[in-house]
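Structural features, examined
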Amino acid sequence: IDDLLNLSRIEQQSEAAEIAFEMTALGPVLSAAVQVCEAKARVKETPILLRIDETLEARINPALVETALINLIDNAIKYSPAGSPVEVEASADEKEILISVRDQGEGIEAKHLDRIFERFYRVDKARSSKLGGTGLGLAIVKHIAAAHGGRVTVESVPGRGSRFQLHLP
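From a predicted model like this one, the values you see are computed outputs, not experimental measurements.

Section: the pairing of strand β5 (residues 97-102)
The buried count for β5 comes to 5 of 6 residues, which makes it a mostly enclosed element. Adjacent in sequence and paired antiparallel, strand β4 (residues 86-92) and β5 are bridged by 4 residues.

Next up, the structure:
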């Protein structure tokens, strides 16, 4: 229910242009998201490696970007084998800010990649239910990226892991 309410709120605020954006240092936002996920990572003995240029800034809504990152990092931890690292990285080029979450997990087959950002879509319904997934986390990430005028992409190879990237202007 919380995921549905969050998704609905993000959509409504985005459509009504009610989301507040501010120039924000990305380091503290990424660090906060990592900190929220650290307890689950410790249980699974999964190190979270954070790489960011501390001077990197973007015009964002910090709470929404943190929510998107928590969803991506949480998924990376859930779908990775115990002990394998999750990498969180932010960088910039002349066009955009790239925030990347990479895992060495089971990966996603190409036939699913076009649909994973849809509401309630689950690649493996039985496994997602066991791990507590609602099928809304990636839809929330997609809508947060869109609310910022950006997008989210994924690269994945079955058996080798996935890399999700938030592309923000």
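And the narrative resumes.
Considerations on unusual backbone geometry
The backbone of glutamate 45 shows a phi angle near 55°, a positive value even though the residue is not glycine. Of note, glutamate 45 is situated in the loop between α2 (26-43) and β2 (48-52).

Observations concerning the pattern of salt bridges
Per the counting criterion, the structure on display carries 4 salt bridges. A salt bridge links lysine 40 to aspartate 74; its shortest N-O distance comes to 2.6 Å. In this pair, lysine 40 sits in helix α2 while aspartate 74 sits in helix α3 (residues 62-78), placing the two residues 34 residues apart along the sequence. Its relative accessible area of 17% is what places aspartate 74 among the buried residues. With its nearest N and O atoms 3.4 Å apart, the salt bridge here joins lysine 78 to aspartate 74. Here aspartate 74 and lysine 78 lie together in helix α3, a separation of 4 residues that amounts to about one turn. An identical accessibility class is assigned to lysine 78 and aspartate 74; each is buried.

Some remarks on the sheet that holds β5
Across the sheet, 5 strands lie side by side as β2-β4-β5-β7-β6; this open sheet has mixed pairing. Here the strands that pair on one side only, and so sit at the sheet edges, are β2 and β6 (151-157). When the angles between neighbouring strand axes are averaged without regard to direction, this sheet yields 15°. Bridge count for β6 against strand β7 (residues 161-168) is 7 bridges, and the pairing is antiparallel. Paired with threonine 153 across the bridge in β7 is glutamine 165. Against the sheet, α3 touches β2, β4, β5 and β7, its axis set at about 25° to β5. On top of the sheet, helix α6 (residues 137-147) reaches β6 and β7; it is set at about 135° to β6, its chief contact.

Quick word on the packing of α2 against α3
The N-to-C vectors of α2 and α3 enclose an angle of 35°; their axes lie 8 Å apart at closest approach. For the pair α2 and α3, the sense of crossing is right-handed. Note on element contacts: α3 touches α2 through Pro62, Val65, Glu66, Leu69, Ile70, Ile73, Asp74, Ile77 and Lys78, opposite Val29, Leu30, Ala32, Ala33, Val34, Val36, Cys37, Lys40 and Ala41. Residue classes in the contact of α2 with α3 are distributed as 14 nonpolar, no polar and 4 charged.

What about the nonpolar core?
Of all hydrophobic cores here, the largest spans 41 residues; its most connected members are Leu69, Ile73, Ile99 and Leu166. It is α3 that provides the largest number of residues to this core, a total of 8 residues. Not counting chain neighbours up to four residues away, the residues in contact with isoleucine 99 comprise Leu30, Val65, Leu69, Glu89, Ala90, Phe164, Gln165, Leu166 and Leu168.

So, the side chain of glutamate 87
Topologically, glutamate 87 is positioned in strand β4. Within polar-contact distance, the side chain of glutamate 87 engages the side chain of arginine 51 at 3.1 Å. Not counting chain neighbours up to four residues away, the residues in contact with glutamate 87 comprise Leu49, Arg51, Ser100, Val101, Arg102 and Gln104.

Calculation rules
- Residues numbered from 1 in each chain as written.
- Predicted model: local features only at pLDDT ≥ 70, side-chain atom pairs only at ≥ 80, totals over all residues.
- Heavy atoms only, no water.
- Buried < 20%, exposed > 50% of the residue type's maximum accessible area, 1.4 Å probe, protein only.
- Helix = DSSP H or I, 4+ residues; strand = E, 2+ residues; numbered from the N terminus.
- Pairing = 2+ DSSP bridges.
- Salt bridge = Lys/Arg side-chain N within 4 Å of Asp/Glu carboxyl O.
- Axes fitted to C-alpha atoms, helices over the stretch in contact; angles between N-to-C directions.
- Contact = heavy atoms within 4.5 Å.
- Left-handed = near helix turned anticlockwise from the far one by under 90°.
- Nonpolar A, V, L, I, M, F, W, Y, C, P; charged D, E, K, R; others polar.
- Core = buried A, V, L, I, M, F, W, Y, C linked by side-chain atoms within 4.5 Å.
- Polar contact = N/O pair within 3.5 Å; in protein donor to acceptor, adjacent residues only side chain to side chain.

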